[in-house]
Structure formats: structure tokens, C-alpha cells
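Residue-level structure breakdown
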Amino acid sequence: MERPLGVGVRLGAEGATALPVDQAGKRAVSPPAAPVARIGYVVLIYPRLSETFVLNEILALEHAGFDLSIFSIYPTDDPRFHAEISRVRANVHYLPQPWSAGLLESMRMLRRFSAARFNRGLDRAFEFASRLPPEYGGTRLGQALKLASLATDLGLDHLHAHFMLGSAQVAYLAHLITGIPFTVTTHAIDVYHDSVDPLIFGEIARAAMAMVTVCDANRSYISERFLDGDESRIVRIYNGLPLDEMTYGRDAPRDRQLIFGAGRLVDKKGWNVLLEACRILGDRGREFKCVIAGGGPNADLLVDERRRLGLEDRVSFVGSLGREEVLGWMAAARVLAAPCVTAPNGDQDALPTVLLEALALGLPVVSTLVGGIPEIVEDGVEGLLVPERDSLKLADALDRLLTQDDLWWQMSAAGPRKVASTFDQKKTLLQLVEVFQRAAREPAPR
């Protein structure tokens, strides 16, 4: 199934060599010297409200002259989309679902790849699929056959998968079938969750032309757990922000009492710790209000916890919001709270985009020492970092930023400087382009 989500003129087979310009005529991103003309982006769910980093990257690559096609493993489960979705030119292909007619139809494509030159690849694909969990193996193989057929028809030069679970498995299977090279970006759940199979992860990582990950903490963990200490194939590229678009409300008046948090209502976000910290602030007689934006499976549990702690008048859950609405709350807030923790299933955050957005808007943050968060926030400079699950220290840090104006102004000024120096998408995109160019030049790993 194909659905265009946006308008625009598709680039020619040769790709774009001229540098695109923005409406002001300014060059936004340096052009790739020898662009990979056509790239297939393989993602778990598209579009997804919580994955602004994928949307930012797609838009930036299109703006830099790459011709993208998007392949989604699952149909979208979000009722709302970011407004920026309309700017994406790429066509979106939804791969067949379990027990669907589309999956059965994709099996017919075995005939297409039954020629002698594909036989060894098909054998390896079947063998790999047999080692996936039984509930996924057949589906992933069928999805890969569909991807392989579409990639061949579209003349794709390269596949790039986001997340090692699902997306990279399908991209790897399509690579085995067709020989089209691929790369992978790993994030958090696909690295730390207990369900990650080290053998599957390691095989895909070694077959990829490169494996990108979003922070140094990930790079070290992946090397030690999955690759026997070998970091040579791992490239750390931070998620970047389009800073030209991040001036929203930077000079707007702020509510001195407002604590804001944004993220899915899941264990690893630590919202229950924030609720306990809010109770402590209330017991101290501190005047404040807390707004948490996001949806997820823990919504009812958190509402019950709010009631148990007597915080109905102080804490509000406003549901999932679009990017502009989240930025609006950030522009009005006094402090961003991101009490990230390591979940019981091992899942944790790596490089939360919400922290980057807050710093870009001059909003000091209070967060924890989980994953790559210390690579975003230096404790005492752009914000305050506390141990995970320590509600008392979280309350103390929030209290400081609610009440100490000199500290607040110092951190508010430091945030945009940090993002501009380290997380500017103009810089991070060039690193990703270099990965794609190197993949186009080098022979695939054996």
C-alpha cells in the first residue's frame, strides 16, 4: 500500500547536485558531493507523533537533495500528526501485516527472486528469518520480499533503517535478497530492552555498511554487549534540531510557577517519580503547577497516583500534543522536568529530543543521569541532573529553578549555546551524509 503524505516534485534518477535554498535564499545545508540518488527509509511506524527526530532527519535529507522513499513496518497508531508532515515529499509504502492478503501476495515475489543469482541470498534470508521469534519470522520475511521488490522497481541505491528491532531486520533481509547495501540507526528501546537478542543484533550490525547510534553512551554499550568490544563500525551522530525553526516563543513571558514535562506515559519516563516530587514541593508550601503532555499505556495508573497523592489541583495531564503545542508550553514554562529512569524491562532513554528542544528555547531542565542525557545537559550549566528514582533530589532541583532567578537566567542563556555548538542539524546531517557516501563507495562487509 502506498500513500503520499505531502506534495512536491520527485527528483530525477541522477539525484540533486545543486544546493537547495530556503525562502530567504540562504543555503541551509551543504550539498552532498556525490549524493546517493535514492534511499529507502525503513521505519517501524510512520508517521509517529513521538518520533520527531525521524521527521526532522527526513525533511533535512530531502532539503539537501536526496530522493527518499519511506517504508513503514506498521500502520500509524497516532490520531494526530505534526504539521511538518505535509512538507515531506517522499511516498510512503506500508509493508504487509500478519495474516493479511498483502502478506500472502508478497510471497508470490519469491518467483521474482528465484533466479540463480538470488538463490544464495534467499537461502540466507530464510535461515535468518527462522531464528527470529516464531510470531515474527514469517511476517518479517514477507515484508522483506515486498521491500525487496519495491526497492528493485524504484532503483534504490541504499536502505537506511531506524531501530534495530523490526525495521533493521526487514532491511537486512531485503539486503540478503537483493544485495542493496544498508545502514541502521539505533536509539534506545532497540538497544537496552530485555527482548533484544544479542546474536541477531550482532549479525545485523556486522552486515550493515555502518551502524549509527545517537550518543556515546549507546556506542560504548553496543560495543561491549553486542560486538565484543569492537567500536569500529559504530558511528555516533547526535540527533540534530533545525535551529532556524527553533526560535518559537523564545522571548515570550514565562509562568514562574510552571513545571512542564513531555513524553510518552511509559515506565522509562519516570512520571511517577515526578508526581512524588510534586507532592514534596506541595508539602513545603511551594506554589507551582505541573503540566505533563503525552499519551501511553500508563495513563490510568498515573491519574490514579495523582489522586492518591492529592495533586489533582496541581498536576494536569493534557494528552498527546503536536510539536507546535509542545513548543508553546516550553516557551511558557519555568522549567522542564524529564525524570527518566531505567525501566524494569531494561528500556531507557538515550538522547531525549525534548531536552534538546527545551535547551534551544532557553528553558532550563531537570533530568537524570540516564543514557546520553549527561551528553546533552552538563549538571549546573544548562540544567540540573539528579540520580534516577530519587524524588527528594528531583524536588530539590525543581525548587532551585523555581526560586533562584540568577541560576535560572544563567542556565537559560547556556542552553541555546549548547544546542548550537553540538546539536545543530546542519552539522549532524553532514555526518549522516558522509556515512551514506562512504557506504556507496566501500564494498559491503562479508
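Please refer to the structure higher up on the page.
How each quantity is defined
- Residue indices begin from 1 for each chain and proceed along its sequence in written order.
- Only residues with pLDDT of 70 or above have their local features reported here, since the model is predicted, and side-chain atom pairs are shown and tallied only from 80 upward, although totals for entire chains, interfaces and linings are computed over all residues.
- Computation of side-chain values: all heavy atoms of the structure, hydrogens and water removed.
- Starting at the N terminus, helices and strands are each numbered in turn, a helix being any DSSP run of H or I of at least four residues and a strand any DSSP run of E of at least two.
- Burial classes: relative accessible area under 20% of the type maximum marks a residue as buried, over 50% as exposed, and values in between as partly exposed (1.4 Å probe, protein chains only).
- Only four residue types enter the tally: Lys and Arg on the positive side, Asp and Glu on the negative side, with His and both chain ends excluded.
- Salt bridge, as applied in this entry: a Lys or Arg side-chain nitrogen positioned within 4 Å of an Asp or Glu carboxyl oxygen.
- Pairs of N or O atoms are called polar contacts if they sit within 3.5 Å, as long as, within protein, a hydrogen donor faces a hydrogen acceptor (for residues adjacent in sequence, only side-chain-to-side-chain pairs).
- Here a residue-residue contact requires only that any non-hydrogen atoms of the pair lie within 4.5 Å.
- We call two strands paired when DSSP finds no fewer than two bridges between them.
- Helix axes are fitted only over the stretch in contact, all axes being lines through C-alpha atoms; the angle between N-to-C directions runs from 0 to 180 degrees.
- Each Phe, Tyr or Trp ring (for Trp, its six-membered ring) is paired with any other whose centre lies within 6.5 Å, and the angle between the two planes then decides the class: stacked below 30 degrees, edge-to-face above 60, tilted in between.

Right, let's get into the side chain of glutamate 57. Structurally, the position occupied by glutamate 57 is in helix α1 (residues 52-63). Buried glutamate 57, no salt bridge; nearest opposite-charge side chain is arginine 236, N-O distance 13 Å. At 2.3 Å, the side chain of glutamate 57 and the side chain of tyrosine 41 are in polar contact. Contact partners of glutamate 57, with chain neighbours within four places excluded, come to Tyr41, His160, His162, Gln425 and Leu432.

With that settled, consider the sheet that holds strand β14 (residues 383-386). Strand pairing in a sheet relies on backbone hydrogen bonds. The paired strands run either parallel or antiparallel. Read across the open sheet, the 6 strands follow the order β11-β10-β9-β12-β13-β14; overall the sheet is parallel. Whereas interior strands pair on both sides, the edge strands pair on one side only; in this sheet they are β11 (315-317) and β14. Strand-to-strand twist of the sheet, defined as the mean angle between neighbouring strand axes without regard to direction, takes the value 20 degrees. Here strand β9 (residues 258-262) pairs with strand β10 (residues 289-293) via 5 bridges, running parallel. Paired with alanine 262 across the bridge in β10 is alanine 293.

Time to look at the packing of aromatic side chains. In total, this model carries 10 aromatic pairs according to the counting rule given. Ring geometry for phenylalanine 53 and phenylalanine 163: centres 6.3 Å apart, planes at 55 degrees, overall tilted. In this pair, phenylalanine 53 sits in helix α1 while phenylalanine 163 sits in the loop between β5 (158-162) and α5 (167-178), placing the two residues 110 residues apart along the sequence. Comparing phenylalanine 53 with phenylalanine 163 shows no difference in burial state: the two are buried. When the centroid spacing of 4.9 Å and the interplanar angle of 90 degrees are considered together, the rings of tryptophan 408 and tryptophan 409 count as edge-to-face. Judged by its relative accessible area of 5%, tryptophan 408 falls in the buried class. Exposure remark for tryptophan 409: the relative accessible area of 58% places this residue in the exposed category. The rings of Tyr192, Phe201, Tyr221 and Phe226 are connected pair by pair, giving a single aromatic cluster.

This next bit is on the environment of serine 50. Tracing the backbone shows serine 50 in the loop between β2 (38-45) and α1. C-alpha separation for the pair serine 50 and aspartate 78, spaced 28 residues apart in sequence, amounts to 9.1 Å. Once you skip the residues sitting within four places of it in the chain, serine 50 turns out to touch Asp78 and Arg264.

Quick look at the pattern of salt bridges now. Under the counting rule described, the total for this entry stands at 24 salt bridges. Linking aspartate 347 and lysine 268 is a salt bridge whose minimum nitrogen-to-oxygen distance equals 3.5 Å. Here lysine 268 lies in the loop between β9 and α9 (271-283) and aspartate 347 lies in the loop between β12 (335-338) and α12 (353-360), a separation of 79 residues in the sequence. Taken together, the shared-partner salt bridges connect Lys268, Lys269, Asp347 and Asp349 into one network.

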